[in-house]
Amino acid sequence: MAMAIPPMADKTMVLSLGALPVSYALSSVSAVSHPMWVALMSALILGLLFMTIYSLSHGEITYDPLYAIFVVFSFTSVVDLVIALQEDGYLMGFMEFYTKEGEPYLRTAHGIFICYWDGTVHYLLYLAMAGAIRKRRRYRNLGLYWLGSFAMSLLVFLPGNILGKYSSEIRPTFLLAIPYMLVPCWAGMRIFNQSQALTSYTPNMQVQEEQRKGLLKRPADLALIVYFILAAFFTLFRGLVVLDCPTDACFVYIYQYEPYLRDPVAYPKLQMLIYLFYALPFYCLAAYALTFPGCSWLPDWALVFAGAIGQAQFSHMGASMHLRTAFTYRVPEDTWATFFLSNLLFALGPHLLAFRCLWQPAFFLRVPHSEPQAHGKKQQ
């Protein structure tokens, strides 16, 4: 079992933890900070870090260029964790100059929680994937989960900075978001093009037997389908809520259960709209793939979707209850349990789907139609 887990890259961890002394050193000269200076200094540090990685790990980068991306992003993950801890009062004297002059929207409740997620979940994923590359091992599943999580973070955070109440505080450091938008596209293509795990251990006869089972003989799949139907209605309902649906149910929900959806920072409204236009269709497609066999696309996209929903719900739930959110937009105490349980279940379902696809993939495999006929001819 231990051999199946990608080893952590010691070199990657050392380079990433270099963010601590660097951020502290920069904070000591922040008296002369200026938004343009902060942007140029950030770009310079990332450039020097990339050159260091290239000189120390040329073999790994030649084998897989994503190694350099994972190491650089592990560095920024440590920076994000420092920002989150400082904004919550657990650290002092590290990145305050950056949140003031570079990206003030990181001081919002949503910004703090995406920093927490990036500094913990993404950081562990970067270490694991970089370690897998160093040991020449597979990391495709981890990469797909990271891709969904990273993409969802950008889809909400960047437009929210432009459309929300912090739109007037866009600084030159926002230009650094351009490579952050391009990298997932390139990384996603490389990860999807990697060879899938071998499924030769699953005989075709076993695949055919699994795909002949009806839904009643697959209670776990039936439960997931019921979940996706309920989640689809919940997604549609919250989408209508942020679109100012005038019904009494929407009015009661937005004022008594999730008043954070009215917050002028725009992040919660964008999150619900992304759910409406992307999560809702996926729920319908996933229910279809669990009903009819041979949908080989589902295992990969289930991992991407699980990463996206995990990141989104963590940030949304945390920001809904954080002290940086104005009191009028926080979840009321008397409905806290309902809010927490419903949103936790909303995040749990996609992860159960991804686990189901990885655990028993036979139902989603495609069986060549010509193979049984050829086998029959050999017997004759």
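Heads up: the structure comes first, above all this text.
Residues numbered from 1 in each chain as written. Predicted model: local features only at pLDDT ≥ 70, side-chain atom pairs only at ≥ 80, totals over all residues. Heavy atoms only, no water.

Caption draft 1: Structural view of the overall build of the chain. Helix and strand counts for the chain come out as 16 helices and zero strands. The globule rule puts the C-alpha radius of gyration for 380 residues at 21 Å, and the 23 Å found for the chain is close to it. Once the C-alpha set of the chain is aligned to its principal axes, its extents read approximately 85 × 60 × 30 Å. Counting the 380 residues in the chain, one finds 51% classified as buried. Of all intrachain contacts in the chain linking residues separated by at least 6 positions in sequence, the fraction that spans at least 24 positions is 78%. Carbon and sulfur atoms make up 69% of the accessible area of the chain, which amounts to about 19100 Å² in all. Of the charged side chains in the chain, 25 are positive and 22 negative; the average position of the first set lies 11 Å away from that of the second. (Helix = DSSP H or I, 4+ residues; strand = E, 2+ residues; numbered from the N terminus. Rg over C-alpha atoms; globule rule 2.2 N^0.38 Å. Buried < 20%, exposed > 50% of the residue type's maximum accessible area, 1.4 Å probe, protein only. Contact = heavy atoms within 4.5 Å. Areas by Shrake-Rupley, 256 points an atom, 1.4 Å probe, with all protein chains shown as cover. Lys, Arg positive; Asp, Glu negative; His and termini not counted. Charge placed at Lys NZ, Arg CZ, Asp CG, Glu CD.)

Caption draft 2: Geometry of the pattern of salt bridges. Counted under the stated rule, the structure contains nine salt bridges. In this structure, R190 and D64 form a salt bridge, with 3.8 Å as the shortest nitrogen-oxygen distance. With R190 in helix α9 (residues 177-193) and D64 in the loop between α4 (58-63) and α5 (66-87), the pair connects residues that are 126 residues apart, well separated along the chain. Taking the relative accessible area as the measure of exposure, D64 reaches 6% and is therefore buried. For the salt bridge of E87 with R107, the shortest nitrogen-to-oxygen distance reads 3.3 Å. In this pair, E87 is assigned in helix α5 and R107 in the loop between α6 (96-101) and α7 (109-134), connecting sequence segments 20 residues apart. Through salt bridges with shared partners, a single network forms among E87, R107 and R324. (Salt bridge = Lys/Arg side-chain N within 4 Å of Asp/Glu carboxyl O.)

Caption draft 3: A look at the packing of helix α8 (residues 140-163) against α9. Running from amino to carboxyl end, α8 crosses α9 at an angle of 150°, the nearest separation of the two axes being 10 Å. It follows from the interaxial angle that α8 and α9 lie roughly antiparallel. When the axes of α8 and α9 are compared, the crossing they make is left-handed. Residue-level contacts link R140, G143, L144, W146, L147, F150, L154 and L158 of α8 to A177, Y180, M181, P184, A187, G188, I191 and F192 of α9. Looking at side-chain class alone, the contact of α8 with α9 contains 13 nonpolar, two polar and one charged residues. (Axes fitted to C-alpha atoms, helices over the stretch in contact; angles between N-to-C directions. Parallel < 35°, antiparallel > 145°, perpendicular 65-115°, else oblique. Left-handed = near helix turned anticlockwise from the far one by under 90°. Nonpolar A, V, L, I, M, F, W, Y, C, P; charged D, E, K, R; others polar.)

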